[in-house]
Amino acid sequence: MNMRTLLKEAGYRVSGNRADCRNCRGGSRLSVSFTTEVAYCHRCHWTSNTRMLARGLGKTVEPETAEKRLARTKTAQFGEWVDAQHREISARYRHLGRMAALAKDVLVHFPDCEPALDALARFYHNEAHLAGMLDVLTFQKVSPWLESPATPVALFEKWEAANAR
């Protein structure tokens, strides 16, 4: 069961990830937004999930199995981990970049300043690694240091293997 199919069966006119609300009066054009599991009308505040909508259509709804619940939990944990890693790496990259920019300004006036040279070296030594890690976490190939983009499945499998207990 997916939300798009259920909304169509319930008589909603669906266009993209939006639908016309049958509960609203007047201009309810595409006021319902939905994901694979939930729908919400931004006008009348009607809300439903796939289980509620399926029951309303008289369909039998299988209870969630322990395996599906575990998979959903792992997926959520993986998403939180990716977000945390992205924030941490971005902060490190920004910090090193700011220090390098300041170092360049200092080196214009003091070309032999060791701390400024060290800050610049730290940025250049870490730039490829940090940019590559950001590419992996966003599943894109933006930097020249990554040969091909990572896939969410491959990263999830590596994360799952590293966190297997």
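Located above this text is the structure these notes cover.
Please read these numbers as outputs of a predicted model, since none were measured by experiment.

Enquirer: Even after reading the chapter, I still don't get the overall build of the chain, so can you show me in this structure?
Expert: Along the backbone of the chain there are 5 helices and 5 strands. Scanning the chain from its N terminus toward the C terminus, one meets helices and strands in the order α-β-β-β-β-β-α-α-α-α. Summarising its shape, the C-alpha atoms of the chain cover approximately 75 × 45 × 25 Å along the three principal directions. For the chain, the proportion of its 165 residues judged to be buried stands at 28%. Sequence separation of 24 or more characterises 35% of the internal contacts of the chain that already satisfy a separation of 6 or more. The distance from the centre of the 24 positive side-chain charges to the centre of the 18 negative ones in the chain is 13 Å.

Enquirer: I'm lost on the sheet that holds strand E5 (residues 47-49) in this one. Help?
Expert: Strand pairing in a sheet is mediated by backbone hydrogen bonds. Such pairs are either parallel or antiparallel. If you walk across this open sheet you meet the 5 strands as E1-E2-E3-E4-E5, and the pairing is antiparallel. Edge positions in the sheet fall to strand E1 (14-15) and E5, since each has one partner strand and no second. Two elements, strand E4 (residues 38-41) and E5, share 3 bridges in a ladder whose sense is antiparallel. In the strand pairing of E5, Ala39 is matched with Ser48.

Enquirer: Where do I start with unusual backbone geometry in this structure?
Expert: With glycine set apart, most residues show a phi of negative sign, and most peptide bonds adopt trans. Positive phi, close to 55°, is recorded for Leu30, a residue that is not glycine. Tracing the sequence through the fold places Leu30 in the loop between strand E2 (18-19) and strand E3 (32-34). Owing to a relative accessible area of 23%, Leu30 belongs among the partly exposed residues under this scheme. If you check the backbone angles, Phe139 has positive phi at about 60° while not being a glycine. Locating Phe139 in the fold gives a position in the loop between helix H4 (114-138) and helix H5 (152-162).

Enquirer: Sorry if this is basic, but what is going on with the side chain of Thr50 here?
Expert: Among the secondary structure elements, Thr50 is positioned in helix H2 (residues 50-56). Given a relative accessible area of 12%, Thr50 falls into the buried group. Beyond its immediate chain neighbours, meaning those up to four positions away, Thr50 contacts Asn2, Met3, Leu6, Thr36 and Glu37.

Here is what the cut-offs are and how they apply
- Along each chain, residues carry numbers from 1 onward, in the same order as the chain's sequence is written.
- The predicted origin of the model limits local features to residues at a pLDDT of at least 70 and limits the giving and counting of side-chain atom pairs to 80 or more, whereas totals for whole chains, interfaces and linings rest on all residues.
- Hydrogens and water are ignored here; the side-chain numbers use all heavy atoms of the structure.
- The helix and strand labels rest on DSSP assignments: H or I over at least four residues marks a helix, E over at least two residues marks a strand, and numbering proceeds from the N terminus.
- Burial status follows relative accessibility: with a 1.4 Å probe on protein chains alone, a residue under 20% of its type maximum counts as buried, one over 50% as exposed, and anything between as partly exposed.
- Two residues qualify as a contact provided that any one of their heavy atoms is within 4.5 Å of a heavy atom in the partner residue.
- Under this rule, positive means Lys or Arg and negative means Asp or Glu; His and the chain ends count for nothing.
- Throughout, a charge is located at the NZ atom of Lys, the CZ atom of Arg, the CG atom of Asp or the CD atom of Glu.
- By the convention used here, strands pair only if DSSP detects at least 2 bridges between them.

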